[in-house]
Amino acid sequence: MKDIREGIFYHIYPIGFCSAPEKNMGEPPVNRIEKVEKWIPHMKNLGVNCIYFGPVFESGLHGYDTHDYRKIDTRLGTSEDFAKVCRALRNEGFHIILDGVFNHVGRGFFAFEDLLKNRENSQYRDWFSGLDFGRNNSYGDGFRYDSWAGYESLVKLNLRNPQVKNYLLDSVKMWMEDFGIEGLRLDAADVIDHDFFRDLRRVTAEKDPDFWLMGEIIHGNYCVWVNDEMLHSVTNYECYKGIHSSITSKNLFEIMSSLDRQNGPWGLYKNMALYNFLDNHDVNRIASVLKNHRENLKNAYTILFTMPGVPSIYYGSEWGITGEKANHSDLPLRPAIDVENPEIVDADLMEHIKMLAKERLSSKALMKGSFERLNTQNEIFAFGRSFEEENAVVFVNIASEQKTLSADFKGRHFEETLAPYTSKIVKF
């Protein structure tokens, strides 16, 4: 996609969305991924144009424990099944982004299975980080290895090994050729070797100059990863937190300060198209986070769609489904969807999001414009966006009573009165 700022993402976690079994028991492939093709009319109606798939490659459990980077998870179908879905999506104008899980693999990964069998004599012993045959691990393997966040089921790869790097880069080239993908979301980007990202950027750009790389970053200075040599974007967890926290604490100064810090005249990231979201497969659904403030769900989406960056909707949240982690499990965040007869919880919210998508895609100011903080109070604020000759002012009122706010932008004065829990976009 030539300009990602023209994108509106729809995030699908395929194993959950497609009702796949929680565990991969090695059974023959079942074409569950076809459910996504049946969901195309809904996604088009919603107004999204980029599909971000969570893990689709063979794994043992949740997809982030990859067993085979060159085979679609049999719980979802075959590579041919997925290629058919991708063709249908591309034919309808969607851009396809896949999850690139390159920091670690599952214990069922072929090279690790060889290591378990042949130990010191394995030809793959240098494929893994921190391998130590002088110590043991919780599985009783008789050796230790680095893992992601201490989870020994997620074995860290040695991305400094040219064989590992080439295997992964060749896998990405295969995805581009076989599935027509146009970008990757890089899992655990904060702990991946920067030289790997540089090589990934070079290889993908050679095949597709517009190929998009976005990293999962929870904390830190986004400039470390987003630059001309590495990634194009990262997950904007700062504003993810800022949006719901501002609403629940009735303190819009928090999110406005983040927006100004990131995108204002002296903003740290004002030239970046950050990936913005209200929820995803790792965090509680926004409807659950705002369960005592549900009347402000529409306002949360208004902020998401009008702030600088690229908005993303997590499947099902467009009609306000709930979901909270339970017993240290993320499964409640990743439910199946009945694509034939979905249970629409909040049709008004979905219509509001459809409206926001149309407003955004019809306004260069909202997609690409500069950001200016105009007026902020605890429960109401206004900010301006401007691109070339197009301008927009966004007003948001999270209060339970009517509020009036004044703002001046690009030579115009505004006095806007907003009903409780409403927003307004003025374009000129």
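Structure: see above.
Residues numbered from 1 in each chain as written. Predicted model: local features only at pLDDT ≥ 70, side-chain atom pairs only at ≥ 80, totals over all residues. Heavy atoms only, no water.

Quick look at the overall build of the protein chain now. Secondary structure summary: the protein chain contains 13 helices and 19 strands in total. Taking 22 Å as the expected radius of gyration for a compact globule of 428 residues, we find that the protein chain reaches 22 Å, a close match to that expectation. C-alpha atoms of the protein chain, sized along the principal axes, occupy 75 × 45 × 40 Å. A separation of at least 24 residues holds for 66% of the contacts in the protein chain among residues at least 6 apart in sequence. Considering the protein chain, the positive charge centre built from 50 side chains and the negative charge centre built from 62 side chains are found 1 Å apart. (Helix = DSSP H or I, 4+ residues; strand = E, 2+ residues; numbered from the N terminus. Rg over C-alpha atoms; globule rule 2.2 N^0.38 Å. Contact = heavy atoms within 4.5 Å. Lys, Arg positive; Asp, Glu negative; His and termini not counted. Charge placed at Lys NZ, Arg CZ, Asp CG, Glu CD.)

Let us now look at the nonpolar core. Met43, Phe102, Trp175 and Leu184 are the most contacted members of the largest nonpolar core, which has 132 residues in total. Element by element, the count of residues in this core is highest for helix α6 (residues 162–179), at nine residues. In contact with leucine 184, not counting residues within four places along its chain, are Ile97, Leu98, Gly100, Phe102, Val172, Trp175, Leu200, Phe211, Trp212, Leu213 and Met214. (Core = buried A, V, L, I, M, F, W, Y, C linked by side-chain atoms within 4.5 Å. Buried < 20%, exposed > 50% of the residue type's maximum accessible area, 1.4 Å probe, protein only.)

So, about helix α8 (residues 237–249). For α8, spanning 13 residues, the distance from its first C-alpha to its last is 18 Å, which sits close to the expected 18 Å at 1.5 Å a residue. Tyr237, Cys239, Tyr240, Gly242, Ile243, His244, Ser245, Ser246 and Ile247 are the residues of α8 that are buried. Tucked into the core, α8 has its buried residues touching α9 (253–263), β12 (275–277), α10 (286–289) and α11 (297–306). Positive phi shows up at lysine 250, right after α8, with a value of about 55 degrees. (Expected span 1.5 Å × (residues − 1).)

Take the pairing of strand β18 (residues 412–418) next. Across seven bridges, strand β17 (residues 403–409) lies against β18 in antiparallel orientation. In the sheet register, alanine 407 faces β18, and the bridge partner there is phenylalanine 414. Linkage of β17 to β18, two consecutive antiparallel strands, is achieved through a turn of two residues, within which lysine 410 is found at a positive phi near 50 degrees. (Pairing = 2+ DSSP bridges.)

What follows concerns the side chain of glutamate 152. Relative to the helices and strands, glutamate 152 resides in strand β8 (residues 151–156). In this structure glutamate 152 is buried but unpaired, with arginine 144 as the nearest side chain of opposite charge at 4.1 Å. Of the polar contacts made by the side chain of glutamate 152, one reaches the side chain of serine 138; its length is 2.3 Å. (Salt bridge = Lys/Arg side-chain N within 4 Å of Asp/Glu carboxyl O. Polar contact = N/O pair within 3.5 Å; in protein donor to acceptor, adjacent residues only side chain to side chain.)

Next up on the list: helix α4 (residues 79–91). A rise of 1.5 Å per residue sets the reference length of α4, with its 13 residues, at 18 Å; its end C-alpha atoms lie 18 Å apart and thus fit the reference within 8%. Within α4, burial applies to Asp81, Phe82, Ala83, Val85, Cys86, Ala88 and Leu89. The inward-facing, buried residues of α4 abut α2 (34–38), α3 (40–46), β2 (50–53), β4 (66–72), β5 (95–100) and α6. Trailing α4 by a residue or two, glycine 93 shows a phi angle of about 90 degrees, which is positive.

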